[in-house]
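# Fold and geometry: a report
Listed below are the residues making up each chain.
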Amino acid sequence: MPPRNPHSTEQIVPASSHALTRRSAALVARGLRDLTRDSNWLIQKVFSGHATHLAISPAGQLCASSPVVRTGTERIALYDVELGTPTMALCAPGEPPASAVGLPAAFAWSSSGRHLTVAWQAWGDRLHAFDLYQKSSLGTFGQFSKFPHSLAWSESGRYFAFACAGGADARVRLWEAADLRFADPPLSEVGGMRSFEEWMGRPQLDSESGDEGAFAGFGAIAFSPDESALASVVELEGEWADDSIVVLDVPTLQRLRVFGAQGHITGLAWTSDSRNLIYCSGGQAYRLSSDLPASEPLPFGAELVACHPHLPLCLCFSSWLKNSAKGRLFLANLETLSVDDEYAAEGLVDLCWSLDGLKAYAMTADGLAYIYEPPLV
């Protein structure tokens, strides 16, 4: 009789149980949680006090200029959104022992949640990059004279960009992250009055118009998922002025298209196929398509938007809900234009999907997190 093969794939053999145990425990915990709730939304208190600036990562982390780290001053602190616990405070070389509350700050997470870039006035006039897996600083780059309005990483982490206001001093700058070492000067740069005039095809308004309609600078920016384009809001002065969106080529930052909006733009996101931009202006949601000359109003209002990383869905927040003192968080299907999974909410300042698209996060400045987590199927 031939000897038995101890490694036959048809036999049951001893194997390490650690990975299976971890996955099983997570599934059991999730299943028990699903049994005891009647909503796809979970509410979590992440921090106390009020954060003047914050940003959520796709890995469920939160970066905030936090007043709770030290009394009477602020520090840049990180939190685990789902656990509602602080994880660490970030430090920079030469950081002062105390800083004023409410200093300008801007944050950008990489799509994996590993890398974080911070601009904070208390840290001077340069950008600071961090590797959170290694819990280490990657150094500084990108000296600026006008404080950045918006920071953004591209999908693969190949590019990083920032935009700032300041009229004639406004700029959009692009770096290539070669081994996460950002060389100065940037790979490409664009901005100033001349660029605005060229993009819009008309001269600036004269002094008789006052400041109404004057070029204020660049607002929110967002890379397309395929990293071929960078969209930036072109902001105009004045309460009744209409902003625009310019789409720039990556990496040259040459103008590709310009679109006019109605009112000030408060939210901007690309769909997963890189063909459409969803933006929020004047409390209304719109869609810009790559093959249409004008934007399309969508049948729902919103001020913030985050597009799903794989599906034609977006998470939106509207601060006003008919017959209610609160606003609403909701999912919108961009194919059927239907609204699903509404939840009353107020005071939200940031939205983000997880990298796998299985969860979504929304944060208020007062530390309250709304976590969208549909049941397992």
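Just so you know, these numbers come straight off a predicted model, no measurement behind them. (Residues numbered from 1 in each chain as written. Predicted model: local features only at pLDDT ≥ 70, side-chain atom pairs only at ≥ 80, totals over all residues. Heavy atoms only, no water.)

### As for the overall build of the protein
This is how the line gets drawn: Runs of E in the DSSP output that reach at least two residues are strands. Runs of H or I that reach at least four are helices, and both are numbered from the N terminus. Buried means the residue's accessible area, taken with a 1.4 Å probe over protein chains only, is under 20% of the maximum for its type, while exposed means over 50%, and partly exposed covers the values in between. In what follows, a contact means two residues having at least one pair of non-hydrogen atoms within 4.5 Å. Accessible surface is estimated by sampling points in the Shrake-Rupley manner with a 1.4 Å probe; for residues, cover comes only from the protein chains shown.
Looking only at helices and strands, the protein has two helices and 28 strands in total. Across the 377 residues in the protein, those meeting the buried criterion constitute 48%. Pairs at least 24 apart in sequence give 44% of the contacts found in the protein among residues at least 6 apart. Total accessible area computed for the protein in this model is approximately 18,700 Å², and 53% of it derives from carbon and sulfur atoms.

### Examining the pairing of strand 12 (residues 171-176)
Stated precisely, the cut-off is as follows: Note: two strands are recorded as paired if DSSP finds a minimum of 2 bridges between them.
As defined by bridge partners, strand 11 (residues 159-164) adjoins strand 12 across six bridges and the pair is classed as antiparallel. Pairing of F160 across the sheet is with W175, part of strand 12. The loop that links strand 11 with its antiparallel partner strand 12 comprises six residues; one of these, G166, has a positive phi angle of about 120°. In this structure, strand 12 lies alongside strand 13 (residues 188-191), joined through four bridges in antiparallel fashion. Each residue of the ladder has a partner; that of R173, found in strand 13, is E189.

### Quick notes on helix 2 (residues 192-200)
For clarity, the threshold we go by: Each C-beta atom gives one direction from the helix axis, and the arc is the one those directions make.
Within the sequence span of helix 2, burial applies to G192, S195, F196 and W199. Seen along its axis, helix 2 keeps its buried residues to an arc of 100°; they face one direction. At its buried positions, helix 2 is contacted by strand 12, strand 13, strand 14 (215-223), strand 15 (229-236), strand 16 (244-249) and strand 17 (255-260). Note on helix 2: the residue one or two positions beyond its end, G201, has a positive phi of about 70°.

### Digging into the environment of D242
Selection rule: A 3.5 Å cut-off defines polar contacts: any pair of N or O atoms within that distance qualifies, except that in protein one atom must be a possible hydrogen donor and the other a possible acceptor, and neighbouring residues in sequence count only when both atoms are side-chain atoms.
If you trace the backbone, D242 turns up in the loop between strand 15 and strand 16. Overall, the relative accessible area of 40% leaves D242 in the partly exposed class. Sequence spacing of D242 and A261 is 19 residues, and the spatial spacing of their C-alpha atoms is 5.9 Å. Not counting residues within four places of it along the chain, the set of residues in contact with D242 comprises L236, A261, Q262 and G263. Polar side-chain contacts of D242 include one of 2.7 Å to the backbone nitrogen of G263.

### Thoughts on the sheet that holds strand 12
Defined as follows: Every angle, taken between N-to-C directions, lies between 0 and 180 degrees, and every axis is a line fitted to C-alpha atoms, over only the stretch in contact when it is a helix.
Spatial strand order, 10-11-12-13: four strands in an open sheet with antiparallel pairing. The open sheet is flanked by strand 10 (148-153) and strand 13, the only strands paired with a single partner. Across the sheet, the mean angle separating the axes of adjacent strands is 10° when strand polarity is ignored. Sheet analysis places strand 10 next to strand 11, joined by five bridges and oriented antiparallel. Residue pairing for strand 11: P148 is matched across the bridge by C164.

### Brief notes about the nonpolar core
The nonpolar side chains of a soluble globular protein tend to be buried, and buried together. To be explicit about the condition: In this text, buried Ala, Val, Leu, Ile, Met, Phe, Trp, Tyr and Cys residues form a nonpolar core when linked through side-chain atoms within 4.5 Å.
Core analysis: the biggest nonpolar cluster contains 22 residues, and V172, F218, F223 and L230 have the highest contact counts within it. When residues of this core are traced back to their parent elements, those giving at least two are strand 11, strand 12, helix 2, strand 14, strand 15 and strand 16. Considering each element in turn, this core owes the most residues, four residues, to strand 14. Look past the residues within four positions of L230 in its chain and what remains in contact with it is A161, V172, I221, A222, F223, V246, V247, L248, V250 and L253. Within the second largest apolar cluster, 17 residues are counted, among which are A55, A92, V118 and L132.

### Some points on the packing of aromatic side chains
For any two aromatic rings, the description comes down to two numbers: the centre-to-centre distance and the angle of the planes. Threshold: Each Phe, Tyr or Trp ring (for Trp, its six-membered ring) is paired with any other whose centre lies within 6.5 Å, and the angle between the two planes then decides the class: stacked below 30 degrees, edge-to-face above 60, tilted in between. By the criterion adopted, a ring carries a charge over it if an Arg CZ or a Lys NZ lies within 6 Å of its centre and within 35 degrees of its normal.
Under the counting rule described, the total for this entry stands at 17 aromatic pairs. Arranged with centres 6.4 Å apart and planes meeting at 75°, the rings of F144 and F162 form a pair that is edge-to-face. Of this pair, F144 sits in the loop between strand 9 (136-141) and strand 10 while F162 sits in strand 11, placing them 18 residues apart in sequence. The exposure class assigned to F144 is buried, which follows from its relative accessible area of 7%. Over the aromatic face of F330 sits the side chain of R328, whose NZ or CZ is 4.3 Å from the ring centroid.

### Re the state of the cysteines
Two cysteines, two sulfur atoms, one covalent bond between them: this is a disulfide. Here is the rule: The criterion for a disulfide is a pair of cysteine sulfur atoms lying within 2.5 Å.
In the structure shown here, the tally under the stated rule is zero disulfides. With no disulfide of its own, C314 has C316 as its nearest cysteine by sulfur position, at a separation of 3.6 Å. A residue is classified by how much of its surface remains accessible, and C314, at 0% relative accessible area, is buried.

### With respect to the sheet that holds strand 4 (residues 75-80)
Paired through backbone hydrogen bonds, the strands of a sheet run either parallel or antiparallel to each other. The strand order across the open sheet built from four strands is 2-3-4-5, with neighbouring strands paired in antiparallel fashion. The open sheet is flanked by strand 2 (54-56) and strand 5 (85-89), the only strands paired with a single partner. For this sheet the average axis-to-axis angle between neighbouring strands, irrespective of direction, equals 25°. Of the pairings in the sheet, the one linking strand 2 to strand 3 (residues 61-66) comprises three bridges and is antiparallel in character. Along strand 3, the bridge assignment pairs L54 with A64.

### Focus on the confidence of the model for the protein
Low pLDDT means the predicted atomic positions in that stretch should not be read closely. Spelled out, the test is: Known as pLDDT, the predictor's confidence for each residue is given on a scale from 0 to 100.
Across the protein, the average pLDDT comes to 85, with 83% of residues at 70 or higher. No element of the protein has a lower mean pLDDT than helix 1 (residues 18-35), which averages 49, and none a higher one than strand 22 (residues 304-307), which averages 98. In this model residues 204-209 is a low-confidence stretch, pLDDT under 50, and it forms seven contacts with partners more than four residues away in sequence or in other chains.

### Concerning the pairing of strand 9
Here strand 8 (residues 127-131) runs beside strand 9; their pairing, made up of five bridges, is antiparallel. Counterpart to F130 in the pairing with strand 9 is S137. Between the end of strand 8 and the start of strand 9, which pair antiparallel, lie four residues, with K135 showing a positive phi angle near 55°.

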